[in-house]
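Understanding the architecture of this molecule
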Amino acid sequence: MVSDEFGLPPLNGLRAFAAAGRHLSFRAAAVGLGVTQGAVAQQVRGLEEHLGLRLFLREPRGLAFTEEGRAYHVAVSRAFSQLSEATAALRSAPSRVTISVTPTFASKWLIPRLAEFTQAHPDIDLRITATERVSSFHADGIDLAVRQGRPPFGASLRADLLFPQEIVAVCAPGLVAAQDRPLDAAALSRMTFLHDTHDLWPKFIEVAFGGEVELSRGLRFNQTTLALDAALAGQGIALASRFLVQRDLKAGHLVQPLDSALEGGLDFYLLTPRQGASDVSLHVRDWLLGMTSEGG
């Protein structure tokens, strides 16, 4: 068949011509293509008729190129080689998975673990979209999402619990090095409170001290990750879900100046479409769930 769009000769004829030209033999070309010698000869003859040119001279000892045939064989062989290379590259390209997460989850939990993910799945190209807004799996090309909330999230989504929301207070060790811990209400009232958009300090103070602490001194940030960065820099006390600060607590970069914890009920869930999820996205889902089950 001839392609109307590209004006190509029959592709079977081109394949037969390329193979016959490599060996200068219909017999050897037939072995390489897995067809009969007669089929190769017929396909080359059809190609010559299509082009209106002789590509080979049929001689007693085999084939010999015509001048036109030799030049055409170079071009056809190069084209098949490029197709082969493009196909190999396509097959070896890493599988792509896009996961939508909040900026704080990305910076404080996921990014520190990407080296472990890459080691476990070097063939997966993980794309991370950090946003606070609700993403559409279809419109935004999202494969997985991590969101904070309460189920159900919709009949079309599978929701797996990643972490419960357990809010703790954290600060740099040097900020409270000279004070007894846990801090009492008087000591806490002298501290700088680092607020984020969740605005959980009033509720936390109510649980910890019955609301007896004045919240007059403070800095406000539009993301939890910024409040935590400020805490790491010794600028005050921040609130965050325990799992987000667990590594910094273990490493001694942060400490808990208060023993109280606030269970908010807005837990962190991994969302996966019930229909149409690719095998590779399910591998990423299993890795994430495995990391949380190991206390990662």
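Shown above is the structure to which this text applies.
Everything numeric in this text was worked out from a predicted model, so none of it was measured.

**Considering the pairing of strand β7 (residues 166-170)**
For a regular strand, side-chain orientation follows a simple rule: the groups alternate between the two sheet faces. Of all five residues in β7, four are buried, a share of seventy percent or more. Note that β7 and strand β11 (residues 262-263) share two bridges and pair antiparallel. Paired with E166 across the strands is E263, a residue of β11. Relative to strand β10 (residues 237-241), β7 runs antiparallel, the two being bridged by four bridges. When the bridges of β10 are listed, I167 appears paired with S241.

**Comments concerning the nonpolar core**
By size, the foremost hydrophobic cluster in this structure holds 23 residues, and its most contacted members are F105, W109, V284 and L288. Per-element accounting of this core gives the leading share, five residues, to helix α11 (residues 279-293). Counting 20 residues, the second largest nonpolar core, distinct from the first, contains L183, L188, M191 and I237.

**Concerning the packing of helix α1 (residues 11-23) against helix α2 (residues 26-33)**
Each pair of packed helices gets described by two things: the angle between the helix axes and the distance between those axes. Where α1 contacts α2, the axes come no closer than 8 Å and their chain directions differ by 125°. By the criterion of interaxial angle, the relationship of α1 to α2 is oblique. In the packing of α1 onto α2, the handedness of the crossing is right-handed. Residues R15, A16, A19, A20 and H23 of α1 touch α2, and the partners they reach there are F26, A28, A29 and L33.

**Comments concerning the pattern of salt bridges**
Counting across every chain of the model gives 10 salt bridges. Taking the shortest distance from any N to any O, the salt bridge between K108 and D229 comes out at 2.6 Å. With K108 in helix α5 (residues 103-110) and D229 in helix α9 (residues 224-232), this pair connects stretches of sequence that are 121 residues apart. We classify K108 as buried; its relative accessible area is 13%. The salt bridge involving E116 is made with R247; its shortest N-O contact spans 2.9 Å. Taken together, the residues E116 in helix α6 (residues 114-120) and R247 in helix α10 (residues 242-251) connect sequence positions 131 residues apart. Under the relative-accessibility criterion, R247 is labelled partly exposed at 39%. Salt bridges here are not isolated pairs; linked through shared partners, they connect R158, D160, R285 and D286.

**Overview of the environment of A64**
Within the fold, A64 resides in strand β2 (residues 62-65). For the pair A64 and D229, spaced 165 residues apart in the sequence, the C-alpha separation amounts to 75 Å. Leaving out residues up to four positions away in the same chain, A64 has contacts with L24, L55, F56, L57 and E59.

What counts, and at which threshold
Residues numbered from 1 in each chain as written. Predicted model: local features only at pLDDT ≥ 70, side-chain atom pairs only at ≥ 80, totals over all residues. Heavy atoms only, no water. Buried < 20%, exposed > 50% of the residue type's maximum accessible area, 1.4 Å probe, protein only. Helix = DSSP H or I, 4+ residues; strand = E, 2+ residues; numbered from the N terminus. Pairing = 2+ DSSP bridges. Core = buried A, V, L, I, M, F, W, Y, C linked by side-chain atoms within 4.5 Å. Axes fitted to C-alpha atoms, helices over the stretch in contact; angles between N-to-C directions. Parallel < 35°, antiparallel > 145°, perpendicular 65-115°, else oblique. Left-handed = near helix turned anticlockwise from the far one by under 90°. Contact = heavy atoms within 4.5 Å. Salt bridge = Lys/Arg side-chain N within 4 Å of Asp/Glu carboxyl O.

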